[in-house]
Amino acid sequence: MAVVALQETGGETAVLGRSVYKAYGKRTSDVSVLRNLDIHVPQEAIYGLLGPSGCGKTTLLRCILGRLEIDSGEILVLGKPPNTPGHGIPGVRVGYMPQESALFSEFSMKDHLRYFGQLHGMTKKEITSRTEFLVQLLNFPEPEKLARDLSGGQQRRVSFAVALLQEAPLLILDEPTVGVDPLLRAKIWRHLRELVVQTKTTIVITTHYIEEARQADMVGLMRDGKILAEAPPSELMERHSSATLEDVFLTICESEVGVNGDGDAVINDIENDASSLLLFGKTSVEKGSDASAGRSYLVNKAMETVRGWCRSCACTSCHCQAPSFTKASIYKSCTNCVAVIWKNIIKFKRNPGLLIFMFLLPMFQICVFCLAIGGDPTDLSVTIVNQDATNPGFGDMFIEQLDNTTIHKKYAVSEAEGRQQVVDGHSWAVVYIGSNFTEDMMKRVLEGLKADNETLEGSTIEISMDETNEQIALVLVREFQSAYEAFVEKAVKLLNGNPKAVASPVQFGPHIYGPKTLKFTYYIAPGILVSISFGMAIGLTAITLILERKEGLLDRSWVAGVNVFEVVFSHAVTQLFIIIVQMMFMVIFLILVFKIPCEGNVAYVLLLVILQGMTGMSCGLLISALCDTEIAAVQLAMGLFYPTLLLSGIIWPIEAMPLWLRYISYCLPTMYAAKSMRSIMSRGWGLDWQVVWTGYLITIAWFLLLLLLSAIGLKKKK
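This is a predicted model, so every value here is computed, not measured. (Residues numbered from 1 in each chain as written. Predicted model: local features only at pLDDT ≥ 70, side-chain atom pairs only at ≥ 80, totals over all residues. Heavy atoms only, no water.)

## Observations concerning the pairing of strand S3 (residues 46-50)
Logical step 1: Across the five residues of S3, five count as buried, placing the element largely inside the fold.
Logical step 2: In S3, alternate side chains face the same way, and those of Ile46, Gly48 and Leu50 on one face and Tyr47 and Leu49 on the other are all buried.
Logical step 3: For S3 and strand S7 (residues 202-206), the ladder comprises four bridges, and the chain directions are parallel. Bridge pairing in S7 places Ile46 opposite Ile203. (Buried < 20%, exposed > 50% of the residue type's maximum accessible area, 1.4 Å probe, protein only. Helix = DSSP H or I, 4+ residues; strand = E, 2+ residues; numbered from the N terminus. Pairing = 2+ DSSP bridges.)

## Thoughts on the packing of helix H11 (residues 327-349) against helix H22 (residues 564-593)
Logical step 1: Contact pair H11 / H22: the axes reach a minimum separation of 9 Å and the direction vectors enclose 45°. Considering the angle they form, H11 stands oblique to H22. In the packing of H11 onto H22, the handedness of the crossing is right-handed. Contacts between H11 and H22 pair Ser333, Asn336, Cys337, Val340, Ile341, Lys343, Asn344, Ile345 and Phe348 from the former with Phe565, Glu566, Phe569, Ser570, His571, Val573, Thr574, Gln575 and Ile578 from the latter. (Axes fitted to C-alpha atoms, helices over the stretch in contact; angles between N-to-C directions. Parallel < 35°, antiparallel > 145°, perpendicular 65-115°, else oblique. Left-handed = near helix turned anticlockwise from the far one by under 90°. Contact = heavy atoms within 4.5 Å.)

## Quick notes on the pairing of strand S8 (residues 218-223)
Logical step 1: The element S8 is extensively covered by neighbouring structure, given that five of its six residues are classed as buried.
Logical step 2: Strand direction decides the pairing type here: S3 and S8, joined by four bridges, are parallel. Bridge pairing in S8 places Gly48 opposite Val219.
Logical step 3: Across five bridges, S8 lies against strand S9 (residues 226-231) in antiparallel orientation. Within S9, the residue paired with Gly220 across the bridge is Glu230.
Logical step 4: Remark: two residues form the turn of the hairpin made by S8 and S9, two consecutive strands paired antiparallel; Asp224 in that turn has positive phi of roughly 50°.

## Observations regarding the side chain of Thr694
Logical step 1: By the element assignment, Thr694 lies in helix H27 (residues 690-717).
Logical step 2: Among the polar contacts made by the side chain of Thr694, one reaches the main-chain carbonyl oxygen of Gln690 at a distance of 2.6 Å. (Polar contact = N/O pair within 3.5 Å; in protein donor to acceptor, adjacent residues only side chain to side chain.)

## Focus: the pattern of salt bridges
Here the idea is simple: oppositely charged side chains can pair when their charged atoms come close.
Logical step 1: All chains considered together, the criterion is met by 17 salt bridges.
Logical step 2: One salt bridge in this structure joins Glu144 and Lys110, with 3.2 Å as the shortest N-O distance. In this pair, Glu144 sits in the loop between helix H4 (124-137) and helix H5 (152-164) while Lys110 sits in helix H3 (residues 109-119), placing the two residues 34 residues apart along the sequence.
Logical step 3: You can call Glu144 exposed: its relative accessible area is 53%.
Logical step 4: Among the salt bridges present, the one from Glu479 reaches Arg478, with a minimum N-O distance of 3.5 Å.
Logical step 5: Using a relative accessible area of 35% as the deciding quantity, one classes Arg478 as partly exposed. (Salt bridge = Lys/Arg side-chain N within 4 Å of Asp/Glu carboxyl O.)

## Re the side chain of Asn344
Logical step 1: Within the fold, Asn344 resides in helix H11.
Logical step 2: On the accessibility criterion, Asn344 (4% relative accessible area) is buried.
Logical step 3: Within polar-contact distance, the side chain of Asn344 engages the side chain of Thr574 at 3.3 Å.
Logical step 4: Not counting residues up to four positions away in its chain, the partners in contact with Asn344 are Glu548, Ser570, His571 and Thr574.

## What to know about the sheet that holds S7
Logical step 1: Taken in spatial order, the six strands line up as S5-S6-S7-S3-S8-S9 in an open sheet, and their pairing is mixed. Across the chains shown, the open sheet's two edge strands, defined by having one partner strand only, are strand S5 (94-97) and S9. The sheet shows a mean angle of 15° between the axes of neighbouring strands, direction not considered.
Logical step 2: Lying on the sheet, H5 is in contact with S5 and strand S6 (170-174); it crosses S5 at an angle near 170°.

## So, the packing of helix H23 (residues 602-626) against H27
Logical step 1: Running from N to C, H23 and H27 point in directions that differ by 20°, and their axes come no closer than 8 Å. In terms of orientation, H23 lies roughly parallel with respect to H27. The way H23 lies across H27 gives a crossing that is left-handed.
Logical step 2: Classifying every residue of the contact of H23 with H27 by side-chain character gives 20 nonpolar, seven polar and one charged. (Nonpolar A, V, L, I, M, F, W, Y, C, P; charged D, E, K, R; others polar.)

## What about the sheet that holds strand S2 (residues 31-42)?
Logical step 1: Spatially, the three strands line up as an open sheet ordered S2-S1-S4, and their pairing is antiparallel. Two strands bound the open sheet, and with one partner strand each, they are S2 and strand S4 (72-77). Sheet twist, expressed as the mean angle between neighbouring strand axes with direction ignored, is 15°.
Logical step 2: The pairing of strand S1 (residues 13-24) with S4 spans five bridges and is classified as antiparallel. Residue pairing across strands places Gly17 opposite Ile75, the latter belonging to S4.
Logical step 3: Helix H2 (residues 57-64) contacts S1, S2 and S4 of the sheet and is inclined by roughly 60° relative to S2.

Below, the structure written as structure tokens:
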């Protein structure tokens with residue numbers, strides 16, 4: 001009866017594995033998951049893969065799908081090894097449903113089917129037709145409802161629909177009926193049977209409901225990385241005189257442990273395995289022959305038979321490499337890119353709050369920078385001790401020249417009292433004017449070089465400051481100097497003297513570059529543009545791929561045939577649009593709203609900012625490709641961003657750094673860009689200056705390098 005059933009479902013082999021070995025970890029301490037496993041799945045049949053959690057079922061399925069490379073042995077799927085160019089596995093020839101739901105939370109059922117339909121090259125009409133059919137099959141009342149609003153069971157149904165979408169010749173389902181009500185479970189099994197009969201589909205299904213596997217044409221009982229038995233369910237129950245498959249599995253496991261004690265033996269009654277005899281064209285096996293040797297002989301023979309089916313190339317081996325770049329493959333790659341870009345756009349569209357936040361955040365950062373950095377401190381408390389005997393005198397004249405906005409004047413009777421206010425933290429400085437200041441100042445001006453030391457000391461204003469804050473101390477020094485220059489000029493005029501006679505002999509002419517009033521904001525603004533564009537882009541992409549990989553979304557796209565280049569390119573295109581909008585708003589806000597001087601071409605500024613954003617984006621993709629968790633990605637991003645900010649000459653000139661540290665600065669992606677940006681905005685230079693075009697050239701080089709590294713890292717993770 002078993003032979004007849006298998007003849008009805010077809011006699012060729014869909015999946016064939018020989019001595020498959022797979023281990024995780026380092027060579028010195030690896031953990032074996034698949035241990036010299038042999039498997040053969042007949043075409044046009046339902047193959048139930050049964051076994052406890054941790055026995056290697058999912059790993060085996062991932063090897064069959066081409067998602068994992070085996071360490072040794074061989075696997076043929078539909079006649080060729082997985083990942084053979086042009087074979088379609090992974091790709092359009094396999095439908096896959098993973099254990100987890102692996103759904104985009106912002107997508108509805110229809111969105112999922114449209115996305116994966118595009119990946120499989122289906123037309124819009126075909127996608128619509130299949131969607132209507134699957135909605136009816138799975139009793140899905142709300143196909144427009146987003147996945148994040150669905151129950152667990154409904155999400156499983158959507159995931160199952162994705163696997164059934166393109167009616168692939170091979171269907172791999174990893175526990176598809178978990179969380180599904182019994183009526184729908186029965187309906188699913190009926191549909192699977194119809195697929196086998198009507199569309200000649202081969203189905204590999206895992207389930208922890210062992211008894212429901214009795215509906216399969218063939219079952220493989222798996223334990224400790226090996227297939228213990230492989231035969232039709234009825235034959236296994238008859239052979240072991242058991243009423244249920246669960247009893248069969250228990251009996252075989254007990255027998256295995258009884259033979260070896262460590263689970264290494266493979267208990268397979270090859271003499272009575274009708275499926276094996278049929279698959280390999282044999283009618284009998286000698287009595288008393290070694291079971292393991294017999295199984296190896298049969299699997300080797302089948303491997304030769306399956307290889308013989310491959311007629312797509314001139315060579316005799318199925319490991320042949322079909323042409324990688326054809327018109328069809330290029331077109332397929334383009335459609336995949338369009339599908340992934342559409343998917344990314346829909347995700348952003350369904351999160352309008354996040355999208356608005358991303359557009360507004362750079363402008364908010366520019367506002368915070370311009371409002372908080374570079375402005376002059378105000379209302380700085382300064383204690384004044386004026387003991388000038390002349391009232392009003394030159395002491396009062398000097399005090400009048402002090403800017404009332406910057407300096408908040410406080411008075412003290414004695415110099416000791418004034419110093420104590422500084423010591424107690426109530427003032428930033430104490431200004432002491434002596435009792436004979438007016439008289440001595442007049443003598444100093446009139447006598448000039450003939451003035452004695454007593455006169456010079458009496459006409460001196462003594463200032464003692466709290467210099468723990470360098471920026472405030474510099475502002476106070478500047479204010480005191482400006483006040484003194486204005487006071488001296490006014491005092492000399494009152495004495496009918498020439499103000500130029502007491503002016504400093506060192507005179508600064510008109511500025512060659514830079515505004516008349518130099519502010520720290522003007523110096524740091526070009527570098528801030530570079531750092532914000534670079535840092536924002538890193539934050540935008542650093543966890544993008546991690547979330548998709550963590551939720552199984554990226555894995556499902558790999559199985560659908562998407563490659564690393566298509567994923568990286570599609571994410572780059574999507575993020576580039578956001579980066580361009582962000583940078584345009586940021587540059588406009590900085591120059592037009594806050595009036596930061598820009599002597600050069602604004603187009604040059606915008607282009608360099610966008611290029612820096614693209615470099616940050618590729619750096620974020622690299623982080624996303626290398627890290628497994630969001631925490632690791634955030635830590636790595638922050639660990640890279642802050643040294644880059646501090647060492648690129650953005651906040652402080654690199655000329656102030658030790659020589660060895662400067663060489664590190666030269667290797668950073670933002671250093672030359674900041675230098676170039678400063679030359680454009682502050683000096684008005686263009687692309688004919690080396691320092692400017694060097695910044696563009698190095699930025700582009702960093703972008704391409706990081707993008708290449710992210711593709712390599714993603715390929716390793718894949």
